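Read off the chains here:
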Amino acid sequence: MIMNFLKKVPAGMMIVPLLIGAILNTFCSSVLQVGSLTTATFSNAGAATAMGIQLVCLGTTLRFNEIGSVFKRGGVLLISKFVAGAVIGIVVGKVFGTNGFLGLSALAIICAVTNSNGSVYLSLMQSYGDEVDCGAMALLSLNDGPFFTLVAMGASGLANIPILSILAAITPIIVGMILGNLDKSFSDFLTPAGPILIPFVGLTLGAGIDLSAVIKGGPSGVLLGFMTTFISGAFIVLCDRKISKRPGYAGWAVATTAGNAVAVPAVVGLADKSLEAYVPQATAQVAASVVITAILVPIVTNWWAHKYGCPKFPLEEKKTEAAK
């Protein structure tokens, strides 16, 4: 009964647990904070562990000769995501001034659009993509933080790329890749564990989301979420299809706002004191975008993957079934 329900919901294996986690965190967070194994397994504290294990399992499926493909696909997604956020934000700032458009400042737009949620991306790629798509997550981790936002705001000289943090993010997939290439039977053993972890990643990710952020961000925060998903997403998909020659599902999967992006406006405010006054509102709007995109993107990705094809649902099979 549960599995049938999850299969009927777009990206249900991830989005249903995510929503359950968000509801629990918003209305009765104490349930998730009782301590011991319960907190470690079901609260946001377990997100990093679940994703780390997932990346190790994923790494065992990657062959050394696929590294080039990982960097090509991931690079296109990373750059197009950055360009989309930078262009939209800079245009709004130049045309409408510092106050922005419809309550959205350039600061809020760039912070929300240039950062993507790696947890959502990886979970979706486990459901619709292949090993190379999943491996691209290591490269996409570069936009999870203030660096690209500072570059887009013209403050790149004040930015520091935390090399150790980047290495820490990609180490699990590297370890898995080495082990998988050394012993294929070990890869065969761990490969099924990746999809199994999807609902756990969804639940722990949701347990870090506060649904009240949508209220605090107001209509402008909701608008920012839709802008991040549909305007930037359309551009990323275009690049994914034209440059990478891919169906586009991965482009939609990266059209999210990272949870870490909520802290980025404050970082930018420290780098440029003239923007400090816009930090509180931008923070609330970015938080709203995190929630909105975490809900919208799995639904859009699911629809696109089924309509235009993906490794898990090839168009050839769909055409064959239709012919029957």
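Use the structure listed above.
Please read these numbers as outputs of a predicted model, since none were measured by experiment.

## A few points about unusual backbone geometry
Among all residues except glycine, the phi angle is most often negative; among peptide bonds, the trans geometry is most common.
Here is step 1 of the chain: Although it is not a glycine, S36 sits at a positive phi angle of roughly 50 degrees.
Here is step 2 of the chain: Residue placement: S36 occurs in helix α3 (residues 36–42).
Here is step 3 of the chain: One non-glycine residue, L102, lies in positive phi territory at about 50 degrees.
Here is step 4 of the chain: The topology assignment puts L102 in the loop between α5 (67–96) and α6 (106–113).
Here is step 5 of the chain: Assessed through its relative accessible area of 58%, L102 is described here as exposed.

## Description of the environment of T229
Here is step 1 of the chain: Position of T229 among the secondary structure elements: in helix α15 (residues 212–242).
Here is step 2 of the chain: For T229 and V113, which are 116 residues apart along the polypeptide, the C-alpha to C-alpha distance reads 8.5 Å.
Here is step 3 of the chain: Setting aside residues up to four positions removed in sequence, T229 forms contacts with A234, W252, A255, T293, L296, V297 and V300.

## Brief notes about the packing of aromatic side chains
Here is step 1 of the chain: For the structure shown, the criterion picks out 7 aromatic pairs.
Here is step 2 of the chain: Centroid distance Y128 to F313: 6.1 Å. Interplanar angle 45 degrees. Geometry classified as tilted. Of this pair, Y128 sits in helix α7 (residues 118–128) while F313 is found in the loop between α18 (279–308) and α19 (315–323), placing the two residues 185 residues apart along the sequence.
Here is step 3 of the chain: Each member of the aromatic cluster is reached from another via a ring pair, and the members are W252, W303, W304 and Y308.
Here is step 4 of the chain: The positively charged end of K307 is found above the aromatic ring belonging to Y308, 5.6 Å away from the centroid.

Rules behind the numbers
- Residues numbered from 1 in each chain as written.
- Predicted model: local features only at pLDDT ≥ 70, side-chain atom pairs only at ≥ 80, totals over all residues.
- Heavy atoms only, no water.
- Helix = DSSP H or I, 4+ residues; strand = E, 2+ residues; numbered from the N terminus.
- Buried < 20%, exposed > 50% of the residue type's maximum accessible area, 1.4 Å probe, protein only.
- Contact = heavy atoms within 4.5 Å.
- Phe/Tyr/Trp six-rings, centres within 6.5 Å; stacked < 30°, edge-to-face > 60°.
- Lys NZ or Arg CZ within 6 Å of the ring centre and 35° of its normal.

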